[in-house]
Amino acid sequence: MKTTTALPLTCAPQPVARPRMNARFTAPLLTLSAAVLLSACASTPLPPWPAATPAAKPPVAATQATRPVPPPLGLPPRDEAIATPVTITPVAPSTPESATAAMPYGEAVAARFPEPPVRYETPGLAEGRRAFTTNAELSQWLLRLATDTQGATRSRLLDLGLSQRGTPIQALLLTQAAGTDIATLEASRRPTVLLVGQQHGDEPAGSEALLVVARELAQGLLEPMLKRINVIIVPRANPDGAEAGKRATASGVDMNRDHLLLKTPETRALAALVRDYRPMAIIDAHEYTVAGRFLEKFHAIQRYDVLLQHATTANLPEFMTRAALEWYRAPMIKALDAENLTQEWYYTTSTRMDDLRLSMGGTQPDTGRNVNGLKNAVSMLLETRGVGIGRAHIQRRVHSHVTALTSALRSTVDRADSLQQVRSYEARDIASQACRGEIVVEAAPTPTQHEIIMLDPATGADRTLRVDWNSSLRLQALKKRPRPCGYWLAESADDAVERLRLLGLQVLRVAEQGSVLADTYHEDSRDTATRKDVRGSVEGDQPIIRVQVTPTRSAIDIPAGSYYVPLNQPLANLAIAALEPDTQNSYFAHHLIANLGDTARVMVPPSLVFEDTD
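Reading the values: the criteria
- Residues numbered from 1 in each chain as written.
- Predicted model: local features only at pLDDT ≥ 70, side-chain atom pairs only at ≥ 80, totals over all residues.
- Heavy atoms only, no water.
- Phe/Tyr/Trp six-rings, centres within 6.5 Å; stacked < 30°, edge-to-face > 60°.
- Helix = DSSP H or I, 4+ residues; strand = E, 2+ residues; numbered from the N terminus.
- Buried < 20%, exposed > 50% of the residue type's maximum accessible area, 1.4 Å probe, protein only.
- Lys NZ or Arg CZ within 6 Å of the ring centre and 35° of its normal.
- Pairing = 2+ DSSP bridges.
- Core = buried A, V, L, I, M, F, W, Y, C linked by side-chain atoms within 4.5 Å.
- Contact = heavy atoms within 4.5 Å.
- Salt bridge = Lys/Arg side-chain N within 4 Å of Asp/Glu carboxyl O.
- Polar contact = N/O pair within 3.5 Å; in protein donor to acceptor, adjacent residues only side chain to side chain.
- Disulfide = S-S within 2.5 Å.
- Expected span 1.5 Å × (residues − 1).
- Axes fitted to C-alpha atoms, helices over the stretch in contact; angles between N-to-C directions.

**Thoughts on the packing of aromatic side chains**
Taken as a whole and assessed by the stated rule, the structure comprises four aromatic pairs. Look at phenylalanine 319 and tyrosine 425: their rings are 5.6 Å apart centre to centre, the planes differ by 65°, and that puts the pair in the edge-to-face class. A residue pair is termed long-range when its members are at least 10 positions apart, and phenylalanine 319 in helix α8 (residues 318-338) and tyrosine 425 in helix α11 (residues 416-432) qualify at 106 residues. Its relative accessible area of 1% is what places tyrosine 425 among the buried residues. Look at tyrosine 347 and tryptophan 469: their rings are 5.7 Å apart centre to centre, the planes differ by 55°, and that puts the pair in the tilted class. Residue tyrosine 347 is located in strand β12 (residues 347-348), and its partner tryptophan 469 is located in strand β16 (residues 462-482); the two are separated by 122 residues in the primary sequence. Under the relative-accessibility criterion, tryptophan 469 is labelled buried at 3%. In this structure, arginine 391 is placed above the aromatic ring of phenylalanine 132, and the distance from its NZ or CZ to the ring centre is 4.7 Å.

Set out below in structure tokens:
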């Protein structure tokens with residue numbers, strides 16, 4: 001089947017190609033002027049916005065244009081987070097851990113972290129147990145819940161794929177919709193929440209907490225939430241790392257830096273899940289280093305029970321970011337405070353001992369947190385104190401996760417209708433920006449200072465430190481360009497096209513030769529480099545190409561069989577992150593696009609004929 005781009009959208013500045021679409025694009029790609037909040041062509045208005053909690057509202061990012069803001073209304077009353085004990089006999093015999101981490105501090109510090117008022121039980125939390133829940137035990141736990149749900153609740157065990165060592169990566173879907181298939185979930189008009197744990201294998205508390213949350217949703221006190229939302233739980237995204245007690249996957253790759261490149265089967269499994277189910281909110285459960293280089297650099301122990309951060313990368317949808325801050329982070333802080341659990345923005349430090357800066361979570365579009373934000377989801381990172389202390393304080397760590405995760409579910413329940421409206425608005429607004437305005441190609445955090453509280457390693461007393469702080473709340477735009485109408489890719493760019501589609505982007509194949517006005521990339525300089533994050537070199541990564549380019553405009557021939565990635569689609573900003581070549585996460589830098597001449601920025605609406613390849 002062939003179709004041309006001669007179908008104008010009602011309020012769009014450009015025509016859009018309309019081949020037969022995948023089910024995830026069944027809604028028309030409507031457009032909306034970014035300068036008008038509610039225009040005549042908007043079928044779904046943006047809901048009234050409530051007043052923000054002052055402490056939770058960040059500065060306006062320098063990389064985002066300020067748009068009109070709806071009038072504030074008061075926040076409705078909100079229930080506190082629910083945390084309930086779960087009792088179950090371990091489902092399989094356990095094998096002890098090969099080693100138990102030595103505690104990096106004494107009793108005075110330990111006394112600052114008393115046990116929570118409830119006790120959680122999973123296979124890995126059983127009394128006297130040395131090992132956390134094994135992969136086999138986790139699978140049996142999910143299978144039992146998938147087969148034991150009763151009443152209105154429906155459940156489904158999702159097999160997402162296999163890890164590098166052949167271990168199943170599984171998820172549990174819980175809903176009270178009429179069915180568990182994707183079409184029925186979409187028709188239910190209930191937002192879906194995705195909870196992900198243990199992307200890093202040496203961070204077990206999130207996985208144990210997600211087993212608790214899964215059981216409470218299936219059979220416990222959280223089950224009533226399913227009247228308003230659907231929930232998908234992936235307790236362990238990196239089963240090989242969990243089995244080995246190592247951060248990285250079996251190949252040595254840090255999978256939480258692979259969500260744009262999709263080199264590992266683990267990230268590909270999560271990408272396909274997000275593409276197909278389109279969750280409204282994605283909560284990523286991790287743990288952070290308690291002592292280690294913090295003790296070496298600052299002669300102090302980490303104090304906070306939970307570190308939090310939303311997506312912070314260039315070109316994010318503004319109102320989904322506000323939703324993360326005001327509708328999720330603010331009530332999450334309230335829920336943690338009610339349980340006497342301390343919290344702060346997420347931060348880390350580099351591996352260089354002479355570098356005394358602290359940095360918030362990175363601004364690169366490579367982590368699950370940032371890539372999911374570019375998928376127009378509320379994307380939140382939860383980190384409890386845990387790396388390097390073995391099983392110490394495990395009940396408190398799990399309690400911290402359960403409290404925060406339950407708050408996120410409650411936020412989605414309370415804001416279900418408004419979240420649907422906000423994302424619908426953002427999808428149309430992003431699509432409408434094709435061919436107009438600017439994009440941020442590369443951004444960086446803003447250096448500032450910040451006060452944090454750590455603990456004296458000898459006495460356990462609070463130590464307030466004022467530190468140099470790289471803030472991701474206000475981004476510095478290092479490089480900007482005019483926003484193109486789309487990107488042309490050569491026929492040889494199959495690897496890049498396959499990944500773009502896995503991320504959920506629409507990619508069209510050119511059916512007949514034509515020509516377009518485009519910016520091609522003139523190479524100014526090139527070298528090889530190591531991909532970096534705020535910690536240092538990215539684990540398991542190979543050298544990348546760092547190239548400096550100058551876009552040069554001309555008419556270019558477009559051969560049949562090549563590809564076009566239109567930017568008048570809701571996930572356009574993901575395409576920008578992948579296809580501008582002069583960034584450290586681009587598909588060109590990582591050899592997924594072989595030559596600079598294999599891609600171009602199409603600067604006017606193309607008059608091309610496309611064929612449907614779905």
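There is more to say after this.
**So, the sheet that holds β12**
Spatially, β9-β15-β16-β13-β12 is the arrangement adopted by the five strands of the open sheet, whose pairing is mixed. Across the chains shown, the open sheet's two edge strands, defined by having one partner strand only, are β9 (301-302) and β12. Here β12 pairs with strand β13 (residues 358-360) via two bridges, running antiparallel. For tyrosine 347, the partnering residue across the bridge sits in β13 and is methionine 360.

**Brief notes about the pairing of β16**
Sheet topology note: the β13/β16 ladder contains two bridges and is parallel. Note that in β16 the partner of leucine 358 across the bridge is tryptophan 469. Where strand β15 (residues 438-455) lies against β16, 16 bridges are found, and the strand directions are antiparallel. Across the sheet, leucine 455 pairs through a bridge with aspartate 462, a residue of β16.

**Side note on the nonpolar core**
Among the nonpolar cores identified, the biggest contains 57 residues, and Leu195, Val213, Leu217, Ile233, Val378 and Leu409 are the most heavily contacted of them. Apart from residues lying up to four places away in sequence, leucine 217 is in contact with Leu174, Leu222, Glu223, Leu226, Val231, Ile233 and Leu409. By size, the runner-up hydrophobic cluster in this structure holds 43 residues, among which are Ala272, Leu316, Ile430 and Ala578.

**Quick notes on the pattern of salt bridges**
What the rule picks out here adds up to 27 salt bridges. A salt bridge links aspartate 582 to arginine 481, with the shortest nitrogen-to-oxygen separation between them at 2.5 Å. Here aspartate 582 is found in the loop between α13 (572-579) and β24 (599-602), whereas its partner arginine 481 is found in strand β16, with 101 residues between them in sequence. Accessibility classification places aspartate 582 together with arginine 481 in one group, the buried group. Measuring nitrogen to oxygen at the nearest pair gives 2.8 Å for the salt bridge that ties aspartate 519 to arginine 553. In this pair, aspartate 519 is assigned in strand β19 (residues 514-529) and arginine 553 in strand β22 (residues 544-558), connecting sequence segments 34 residues apart. Residue aspartate 519 is classed as buried on the basis of its relative accessible area, which comes to 5%.

**Notes on the side chain of threonine 348**
Its place among the elements puts threonine 348 in strand β12. A distance of 3.1 Å separates a polar atom in the side chain of threonine 348 from a polar atom in the side chain of arginine 293. Contacts of threonine 348, omitting those with residues within four sequence positions, involve Arg293, Phe294, Arg357, Leu358, Ser359, Val534 and Arg535.

**Some points on the state of the cysteines**
Going through the model one piece at a time under the given rule, you end up with one disulfide. Disulfide pairing places cysteine 435 opposite cysteine 485 at an S-S distance of 1.9 Å. Residues cysteine 435 and cysteine 485 share a disulfide whose torsion about the S-S bond is about 135°; that sign makes it right-handed. A residue pair is termed long-range when its members are at least 10 positions apart, and cysteine 435 in the loop between α11 and β15 and cysteine 485 in the loop between β16 and β17 (486-489) qualify at 50 residues. Among the residues examined, cysteine 435 registers a relative accessible area of 26% and is labelled partly exposed.

**A look at helix α10 (residues 394-414)**
Look at α10: 30 Å from first C-alpha to last across 21 residues, which is about the 30 Å you get at 1.5 Å a residue. The element α10 is extensively covered by neighbouring structure, given that 20 of its 21 residues are classed as buried.

**Digging into the sheet that holds strand β10 (residues 306-310)**
Strand order in the open sheet formed by eight strands is β4-β5-β7-β6-β8-β14-β10-β11, and the pairing between neighbours is mixed. Strands at the two margins of the open sheet, each flanked by one partner only, are β4 (154-162) and β11 (343-345). Ignoring which end each strand starts from, the neighbouring axes of this sheet average 20° apart. Two strands pair when backbone bridges link them, and strand β8 (residues 281-289) and strand β14 (residues 378-387) are joined in this way by nine bridges, in the parallel orientation. Bridge pairing in β14 links histidine 286 to glutamate 383.

**So, unusual backbone geometry**
Even without a glycine there, the phi angle at asparagine 376 is positive, about 65°. Looking at the secondary structure, you find asparagine 376 in the loop between α9 (368-374) and β14. Taking the relative accessible area as the measure of exposure, asparagine 376 reaches 3% and is therefore buried. A positive phi angle is found at histidine 591, which is not glycine, with a value near 70°. Residue placement: histidine 591 occurs in the loop between α13 and β24.

Everything listed here is a matter of geometry and, on its own, says nothing about what the molecule does.
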